[in-house]
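# Observations on the three-dimensional arrangement
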Amino acid sequence: MYKSRKRLLILDADGTTIDAFSAIETAFARHGLDIGDEASFQKRHNLFKYLGGLKEFPSIIKKNLRKNSRARLVDSLTEVYRQEAAMYEGIPDLVRELVAAPDVVVGMVTRNITNEPLETLRQLFQRHDVDIDALDFLVHIPLSEKKTSQFRALREQFGINPARAYVCGDEHKDFAAAIGTGMHPFMVSYGFEDFDRLTEKFEIPHELIARTPGELCQRVRHALDLGTRRGAGTISTRTRTTAR
């Protein structure tokens, strides 16, 4: 029924593998803007995550809703991502293990909003000694597009059984896309949506949610039997799927 017996793991970038809040906070601060504390940031609607909370909203309207001002903000965010932004602790080691595992197909689907996002991620990962070109795929999709179709296309491309396919994400939309394509979701509550929002508003089972990057790494290693492979081998050459 399926041409491969490998496992598939689809990673998310912002809020799951990358500390996006710190990067966004730094970029906004360069324009004299305060996005508030992280707990409040996690509870906002997607729109407010990039425009600020209700208290900050008037100043952001004045300074950043004009097209040229928004472009300058994205320029700053791009610079921060490429030069300063960090992957969460333990995630670089996990990605290297996944890449080195011969029976795992691993890559990333992202909505990163920086300029030339694939190049941005390449530079960020390179600073953490992760070769992004060694991933099996790296796909950027627009904010308006759901991940569901891309998840299904990748699973079908590699001929992998849905029961052997996994998705890592930090937002309820990631959970819905994983379930909608028959894959197992690894959810985290340290990214764009907190534990209470994920469990209470969207009724995501708490058993699926990792509260820290370290916990996510443990869950993934256990599920994919990576425990005996730590530090093993060199990164293999992969076939990369580019963005559409």
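Above this text is the structure in question.
Heads up: these notes are all about the structure in this document. (Residues numbered from 1 in each chain as written. Predicted model: local features only at pLDDT ≥ 70, side-chain atom pairs only at ≥ 80, totals over all residues. Heavy atoms only, no water.)

### Quick notes on the environment of Thr114
Here is the rule we go by: Helix and strand assignments follow DSSP, with helices taken as H or I runs no shorter than four residues and strands as E runs no shorter than two, numbered in order from the N terminus. Buried residues are those whose accessible area, probed at 1.4 Å on protein chains only, stays under 20% of the maximum for their type, while exposed residues exceed 50% and partly exposed ones sit between those limits. Throughout, a residue-residue contact means that at least one pair of heavy atoms, one from each residue, lies within 4.5 Å. Any pair of N or O atoms that falls within 3.5 Å is considered a polar contact. Within protein, one atom must be able to donate a hydrogen and the other to accept it, and sequence-neighbouring residues count only if both atoms are side-chain atoms.
Among the structural elements, Thr114 can be located in the loop between strand S2 (104-110) and helix H7 (117-127). With relative accessibility at 6%, the residue Thr114 sits in the buried group. The spacing of Thr114 and Glu79 is 35 residues in sequence and 8.7 Å in space, taken between C-alpha atoms. Setting aside anything within four residues of it in sequence, one finds Thr114 in contact with Val74, Leu77, Thr78, Tyr81 and Thr120. Among the polar contacts made by the side chain of Thr114, one reaches the side chain of Asn112 at a distance of 2.5 Å.

### Observations concerning the sheet that holds S2
What counts, and what does not: Think of it this way: DSSP has to see at least two bridges between two strands before they count as a pair.
In space, the six strands of this open sheet follow the order S3-S2-S1-S4-S5-S6, with parallel pairing throughout. The outermost strands of the open sheet, each flanked by one partner alone, are strand S3 (137-140) and strand S6 (209-210). In the sheet, strand S1 (residues 7-11) pairs with strand S4 (residues 165-169) via three bridges, with the strands oriented parallel. Paired with Ile10 across the bridge in S4 is Val167.

### Structural notes on the pairing of S1
When you tally the buried positions in S1, you get five out of five residues, the bulk of the element. A two-sided burial pattern is seen for S1, the buried positions comprising Arg7, Leu9 and Leu11 on one face and Leu8 and Ile10 on the other. Bridge analysis of S1 against S2 gives five bridges, and the strand direction is parallel. Bridge pairing in S2 links Leu8 to Val105.

### What to know about the side chain of Lys147
Position of Lys147 among the secondary structure elements: in the loop between S3 and helix H8 (148-157). A relative accessible area of 5% places Lys147 in the buried class. There is a polar contact of 3.0 Å between the side chain of Lys147 and the side chain of Asp12. The contact partners of Lys147, leaving out residues within four places of it in the chain, are Asp12, Val109, Arg111, Ile141, Asp174 and Ala177.

### Notes on a negative patch on the surface
Note the threshold: Nonpolar side chains (Val, Leu, Ile, Met, Phe, Trp, Tyr) are joined into patches within 5 Å and like charges within 9 Å, using only residues with over 30% relative accessible area and no salt bridge. Here the Shrake-Rupley method, with its probe set to 1.4 Å, supplies the accessible areas, and only the displayed protein chains count as covering residues. Whenever Lys or Arg places a side-chain nitrogen within 4 Å of a carboxyl oxygen from Asp or Glu, that contact is recorded as a salt bridge. His is not counted here, nor are the chain ends, while Lys and Arg score as positive and Asp and Glu score as negative. By convention, the point assigned to a charge is CZ for Arg, NZ for Lys, CD for Glu and CG for Asp.
Taken together, Glu25, Asp34, Asp37 and Glu38 make up a surface patch of like negative charges. Checked against the element boundaries, Asp34 lands in the loop between helix H1 (20-29) and helix H2 (38-43).

### Digging into the environment of Glu207
Summarising the element assignment, Glu207 is placed in the loop between helix H10 (195-201) and S6. Linking Glu207 and Phe186, residues 21 residues apart in sequence, is a C-alpha distance of 9.6 Å. Only 3.3 Å separates the side chain of Glu207 from the side chain of His206, close enough to count as a polar contact.

### Some details on helix H9 (residues 172-180)
Here is the rule we go by: Relevant arc is that of directions from the helix axis to the C-beta atoms, nothing else.
Taken as a whole, H9 has its buried residues at Asp174, Phe175, Ala177 and Ala178. For H9, the angular spread of buried residues about the axis comes to 165°, placing them on one side. Buried residues along H9 sit in contact with H8, S4 and strand S5 (184-188).

### A short note on the packing of helix H6 (residues 91-100) against helix H11 (residues 213-223)
Our working definition: Between N-to-C directions, angles cover 0 to 180 degrees, with each direction set by a line fitted to C-alpha atoms, over the stretch in contact for helices. The cut-offs work like this: below 35 degrees is roughly parallel, past 145 is roughly antiparallel, 65 to 115 is roughly perpendicular, and the gaps in between are oblique. Crossing handedness is read from the near helix: turned anticlockwise from the far helix by less than a right angle, it gives a left-handed crossing, and turned clockwise, a right-handed one. Under the scheme applied here, ten amino acids are nonpolar (Ala, Val, Leu, Ile, Met, Phe, Trp, Tyr, Cys and Pro), four are charged (Asp, Glu, Lys and Arg), and all others, including Gly, are polar.
Look at H6 against H11: their axes get within 10 Å of each other, and the N-to-C directions meet at 15°. In terms of orientation, H6 lies roughly parallel with respect to H11. For H6 against H11, the interelement crossing comes out left-handed. In this structure, H6 uses Ile91, Asp93, Leu94, Glu97 and Leu98 to contact H11, whose residues at the interface are Pro213, Leu216, Cys217, Val220 and Arg221. Per-class residue counts for the contact of H6 with H11 are seven nonpolar, no polar and three charged.

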